[in-house]
Amino acid sequence: MDIRLLDASDAKKYWKLRLEALEQNPEAFATSYEEAISRENPVEGVAKNLSKERSFTFGAFHNNDLIGVVTLMQEAPLKLRHKANIFAMYVSPKMRGLGVGNEILLEAINHAKSMKTIENLILTVVTTNESAKKLYSKLGFKVFGTEKRALIIHDIYYDEEYRVLYLKQ
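Residues numbered from 1 in each chain as written. Predicted model: local features only at pLDDT ≥ 70, side-chain atom pairs only at ≥ 80, totals over all residues. Heavy atoms only, no water.

## Notes on the nonpolar core
- Grouped together as the largest cluster of nonpolar side chains are 28 residues, with contacts concentrated most on V70, L72, L105, I109, L121, Y136 and F141.
- Sorting the residues of this core by element identifies β2 (55-62), β3 (65-74), β4 (83-91), α4 (100-114), β5 (120-126) and α5 (130-138) as the ones contributing at least two each.
- Among the elements that make up this core, the one with the highest residue count is α4 (six residues).
- Non-local contacts of F141, meaning those with residues more than four positions away in its chain, are made with L105, I109, L121, L123, Y136, R163, V164 and L165.
- Core analysis: the next-biggest nonpolar cluster, separate from the first, contains 18 residues, W15, L19, F29 and V46 among them. (Core = buried A, V, L, I, M, F, W, Y, C linked by side-chain atoms within 4.5 Å. Buried < 20%, exposed > 50% of the residue type's maximum accessible area, 1.4 Å probe, protein only. Helix = DSSP H or I, 4+ residues; strand = E, 2+ residues; numbered from the N terminus. Contact = heavy atoms within 4.5 Å.)

Laid out in C-alpha cells, this is it:
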C-alpha cells in the first residue's frame, strides 16, 4: 500500500471513489449520490479542490487503485487557523479491516502536526458507525458534543458525534 498527498492529476480516481463512498455509505456524508452525479464537470471541480490552499487530501493506493481517502482542511480565518477539520474519510469495503483507515488518518494527523499552526483536529462521525468511532478513539479523538438528527436519509435520522484531537496540550 502506498499513501500520498493527492493532486489535480488524481481527480478522476478520486471522483470514482467518492461516488462509491456516497453509494456504499450514504449516512457518512452530507452530500448525496444524487446531488453528486448531477454536478456539472465534477472531475474538474475535484481537481480544483485538490489544489486548494490549506486543503490536503491523502490517498491510499493498492496496485495503483485508489482505495482510501481522507481530507485535512485548515480553517482560513486568522482567529481559527489553529483548527483543522478531518472529513470525507472513506475506505473501499474490499480493503476494510486491513489498517488502511488507520494509515491514511495517521498521515493526515502527522501532516497537521508538521504545520505547527494547527492545534485542534475536529471531525464528525455518525453515531452508528462503530468501526470509525473505534478508530478515532484509538487515535485519541475525544467526543465533545452530539448533534441529534444531524442527517436525514429516506425519513431516517442519524445523529453525529463531534470529536477533537488536541495536538498541543
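Still more ground to cover, so stick around.
## Thoughts on α4
- In this model, α4 (15 residues) spans 21 Å end to end at C-alpha, consistent with the 21 Å of a helix rising 1.5 Å per residue.
- Taken as a whole, α4 has its buried residues at V100, G101, N102, I104, L105, A108, I109 and A112.
- Among the residues trailing α4, K116 stands out with phi positive, at a value near 70°. (Expected span 1.5 Å × (residues − 1).)

## Examining the environment of L123
- Position of L123 relative to the elements: it lies in strand β5.
- Separated by 38 residues in the primary sequence, L123 and N85 place their C-alpha atoms 5.8 Å from one another.
- Not counting residues up to four positions away in its chain, the partners in contact with L123 are I86, Y136, F141, E161, Y162 and R163.

## Brief notes about the pattern of salt bridges
- Taken as a whole and assessed by the stated rule, the structure comprises six salt bridges.
- As a salt-bridge pair, D159 and K148 come within 3.6 Å of each other at their nearest N and O atoms. Of this pair, D159 sits in strand β7 (residues 156-166) while K148 sits in strand β6 (residues 142-153); the two residues are 11 residues apart in sequence, bridging distant segments of the chain.
- If you follow the salt bridges from partner to partner, you end up with E130, K133, E161 and R163 in one network. (Salt bridge = Lys/Arg side-chain N within 4 Å of Asp/Glu carboxyl O.)

## Observations concerning the packing of helix α1 (residues 11-24) against helix α3 (residues 42-49)
- At a minimum axis separation of 9 Å, α1 and α3 run at an interaxial angle of 110°. What the angle tells us is that α1 and α3 run roughly perpendicular. Here α1 runs over α3; the crossing is right-handed. Mapping the contact onto sequence places A11, K12, Y14 and W15 in α1 and P42, V43, V46 and A47 in α3.
- Across the contact of α1 with α3, the residue classes break down as seven nonpolar, no polar and one charged. (Axes fitted to C-alpha atoms, helices over the stretch in contact; angles between N-to-C directions. Parallel < 35°, antiparallel > 145°, perpendicular 65-115°, else oblique. Left-handed = near helix turned anticlockwise from the far one by under 90°. Nonpolar A, V, L, I, M, F, W, Y, C, P; charged D, E, K, R; others polar.)

Nothing here speaks to function; it is all geometry.
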